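# Coordinate analysis (summary)
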Amino acid sequence: MSASIFLENVNRIIGLLFLLCYGYQLLYVPVALWRRHKVVRTAPLRRYAVLISARNEEAVITHLIDSVHAQDYPSENLQVFVVADNCTDDTALAAEKAGATVWQRRNLRQVGKGYALNFLLTHIRETYGDEYFDGYFVFDADNLLASDYVSRMNEVFGGEHQIVTSYRNSKNYGSNWISAGYGLWFLRDAAFLNDPRTRLGLSAVVSGTGYLFSREVMLRCNGWPFHSLSEDTEFTVNSILEGEKIGYCGEAELFDEQPTQLGQSFRQRMRWVRGNTLVLLRQGGRLVRGIGGRGGLSCLDLLLSMAPAIVLTVCGAAAGVLATVLELLSGGRILPMVGAAAMSFAVPYLLLLLAGAITTATQWKRIHTSTWKKILYTLTFPIFMATYVPVTLWAMVGKVEWKPIKHCAVMSVRELK
């Protein structure tokens, strides 16, 4: 068997496995597009703490705090807390002037958002006790909130949903193909994964920022004990294993700033991949065992969303390298290898293009950029996703550590509309 035929067969097998692992998500599409039910607008007014972990975010943090203060929710029921985490700029001063309660943290050994959040919760509990706040919002310093964000989240929160995540939009979608790639992926994640999951009675997934958890969840966890490279995934897995059903509120819109430089993007996504892999290694067995119990479908859905992409990406890339080396050593021709590689790229490109096109078309009015950029960045979306191949490979063997992402998209919510 020639190396090119070997590569073609491997690509077919990997493609079939991808279809088996992710094909069920096609069923989510009609569920997501189905007519929305009328939302009941009555909900008790609860008291919330807003948690913001910030490291050298002087340029953007005041806009987030201003957007919290501009909520149509009663201001006496919202209180903003900021941890200025190992800052070397005036983040703490800027946050205080904007009206937040600020604590400064200095710890270069325990680095990362998880440690900062636990530090913040510890100080809040010492100052206000465990019963004062009904729930806790988590935002990144570069975020902005629509004016009805808290009100909409409050309507979904409570009862079976002690954790709620929201619609994650982008402040700088139109900056370039990298920021648009992130933005389109997060829109798809919200509209075509978390939304149908919630409608079907499954658990949604927390992703990075823009979520709310209850006092009861905080007490069960005894603060925030999630300190991995991807603390959001660790929190999600722990919550589902503990029987929580994470809810989703598509009407609560949050705007997030995305990286625009490829090097910065690689570092961030390598951390995500390495973090998710470590969480799987630690908790994968419990998720597998959880499939047979209460919340079993949510455990299965979470496993299929995470594990196959990492494993199959590594296997596919390794097979391609091996086949190329064998072909060169045997004196074979490169042209058949190029053809096989092109075919292996074409199919996933078309599938990702379809996913991107559906997301762009259905979320058209919520994407804040020009028409031609919406179309162009739909075409480049599969290319952005293809960069996950080197990201995943390097995350498996390279040095990965938590590093802050520099934010510079300074704008208010009014400038987005």
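Residues numbered from 1 in each chain as written. Predicted model: local features only at pLDDT ≥ 70, side-chain atom pairs only at ≥ 80, totals over all residues. Heavy atoms only, no water.

### Structural notes on the pairing of strand S2 (residues 78-85)
The element S2 is extensively covered by neighbouring structure, given that seven of its eight residues are classed as buried. Sheet analysis places strand S1 (residues 48-54) next to S2, joined by seven bridges and oriented parallel. Within S2, the position partnered with Ala 49 by the bridge is Gln 79. Crossover connection from S1 via helix H3 (residues 61-69) to parallel S2: handedness right-handed. Relative to strand S3 (residues 101-105), S2 runs parallel, the two being bridged by five bridges. Bridge pairing links Val 83 to Trp 103 in S3. (Buried < 20%, exposed > 50% of the residue type's maximum accessible area, 1.4 Å probe, protein only. Helix = DSSP H or I, 4+ residues; strand = E, 2+ residues; numbered from the N terminus. Pairing = 2+ DSSP bridges. Right-handed = clockwise from strand over helix to strand, strands pointing away.)

### Brief notes about the pattern of salt bridges
Tallying each qualifying case throughout the model produces 14 salt bridges. In this structure, Asp 256 and Arg 168 form a salt bridge, with 2.6 Å as the shortest nitrogen-oxygen distance. Highlighted residues: Asp 256 in strand S8 (residues 247-256) and Arg 168 in strand S6 (residues 163-170), separated in sequence by 88 residues. A salt bridge links Arg 366 to Glu 253, with the shortest nitrogen-to-oxygen separation between them at 3.9 Å. (Salt bridge = Lys/Arg side-chain N within 4 Å of Asp/Glu carboxyl O.)

### Digging into the packing of helix H9 (residues 231-241) against helix H10 (residues 262-290)
Packed helix pairs are specified by the crossing angle of their axes together with the interaxial distance, meaning the distance between the axes. Orientation of H9 relative to H10, taken along the N-to-C sense of each, is 10 degrees, at an axis distance of 10 Å. For the element pair H9 / H10, the angle class is roughly parallel. Contacts from Thr 233, Glu 234, Val 237 and Leu 241 in H9 reach Asn 276, Val 279, Gln 283, Arg 286 and Leu 287 in H10. (Axes fitted to C-alpha atoms, helices over the stretch in contact; angles between N-to-C directions. Parallel < 35°, antiparallel > 145°, perpendicular 65-115°, else oblique. Contact = heavy atoms within 4.5 Å.)

### What to know about the nonpolar core
Note that soluble globular proteins tend to have their nonpolar side chains buried in a common cluster. By size, the foremost hydrophobic cluster in this structure holds 40 residues, and its most contacted members are Leu 51, Ile 124, Tyr 136, Tyr 211, Phe 213, Trp 224 and Phe 235. For this core, the element with the most residues is helix H7 (residues 177-199), which contributes seven residues. For Tyr 136, the residues in contact, after removing those within four places along its chain, are Ala 49, Leu 51, Leu 121, Ile 124, Tyr 211, Leu 212, Phe 213, Ser 214, Arg 215 and Met 218. Among the nonpolar cores identified, the runner-up in size contains 33 residues, and Ile 65, Ala 95, Ala 98 and Ala 100 belong to it. (Core = buried A, V, L, I, M, F, W, Y, C linked by side-chain atoms within 4.5 Å.)

### Remarks on the packing of H10 against helix H14 (residues 388-397)
Where H10 meets H14, the axes come as close as 8 Å, and the angle between the chain directions of the two elements is 60 degrees. What the angle tells us is that H10 and H14 run oblique. When the axes of H10 and H14 are compared, the crossing they make is right-handed. Here H10 contributes Phe 266, Arg 269, Met 270, Trp 272, Val 273, Arg 274 and Thr 277 to the contact with H14, which in turn contributes Tyr 388, Pro 390, Val 391, Thr 392, Trp 394, Ala 395, Met 396 and Val 397. Across the contact of H10 with H14, the residue classes tally to eleven nonpolar, two polar and two charged. (Left-handed = near helix turned anticlockwise from the far one by under 90°. Nonpolar A, V, L, I, M, F, W, Y, C, P; charged D, E, K, R; others polar.)

### Re the sheet that holds S2
Reading across the sheet, the eight strands line up as S3-S2-S1-S4-S7-S6-S8-S5 and stay open at both edges, with mixed pairing between neighbours. Both outer strands of the open sheet, S3 and strand S5 (144-145), are each paired with one neighbouring strand and no more. Packed on one face of the sheet, helix H6 (residues 149-156) meets S1, S2, strand S4 (135-140), S5, S6, strand S7 (211-214) and S8 and runs near 160 degrees to S8.

### Digging into a nonpolar patch on the surface
A grouping of Val 288, Ile 291, Leu 297 and Leu 300 is seen on the molecular surface, where their side chains present a nonpolar patch of about 340 Å² in accessible area. Secondary-structure assignment places Leu 297 in helix H11 (residues 296-329). (Patch = residues over 30% accessible without salt bridge, like charges linked within 9 Å, V, L, I, M, F, W, Y side chains within 5 Å. Areas by Shrake-Rupley, 256 points an atom, 1.4 Å probe, with all protein chains shown as cover.)

### Quick notes on the packing of aromatic side chains
Centre distance and the angle of the planes are the two values used to describe a pair of aromatic rings. In this structure the tally under the stated criterion is 26 aromatic pairs. Here the aromatic residues Phe 81, Trp 103, Tyr 128, Tyr 132, Phe 133, Tyr 136, Tyr 211, Phe 213, Trp 224, Phe 226 and Phe 235 are joined through ring pairs into a cluster of three or more. Above the ring of Tyr 132, the side-chain terminus of Arg 47 is found at 4.3 Å from the ring centroid. The cationic tip of Arg 168 hangs over the ring face of Phe 186; the distance from NZ or CZ to the ring centre is 3.7 Å. (Phe/Tyr/Trp six-rings, centres within 6.5 Å; stacked < 30°, edge-to-face > 60°. Lys NZ or Arg CZ within 6 Å of the ring centre and 35° of its normal.)

### Describing unusual backbone geometry
For Asn 86, which is not glycine, the phi dihedral falls at a positive 55 degrees. Tracing the backbone shows Asn 86 in the loop between S2 and helix H4 (91-97). The residue Asn 222 is not glycine, and still its phi comes out positive at about 55 degrees. Turning to its location among the elements, Asn 222 is positioned in the loop between helix H8 (215-221) and H9.

### Let's talk about the environment of Leu 280
Among the secondary structure elements, Leu 280 is positioned in helix H10. Judged by its relative accessible area of 15%, Leu 280 is buried. Considered as a pair, Leu 280 and Met 306 are 26 residues apart in the sequence and their alpha carbons are 8.1 Å apart.

### Looking at the environment of Ala 92
Within the secondary structure, Ala 92 sits in helix H4. The exposure class of Ala 92 is buried, given its relative accessible area of 9%. Measuring from C-alpha to C-alpha, the distance between Ala 92 and Asn 56 comes to 8.9 Å, with 36 residues separating the pair along the chain. Each residue touching Ala 92, except ones within four places of it in the same chain, is listed here: Ala 84, Val 102 and Gln 104.

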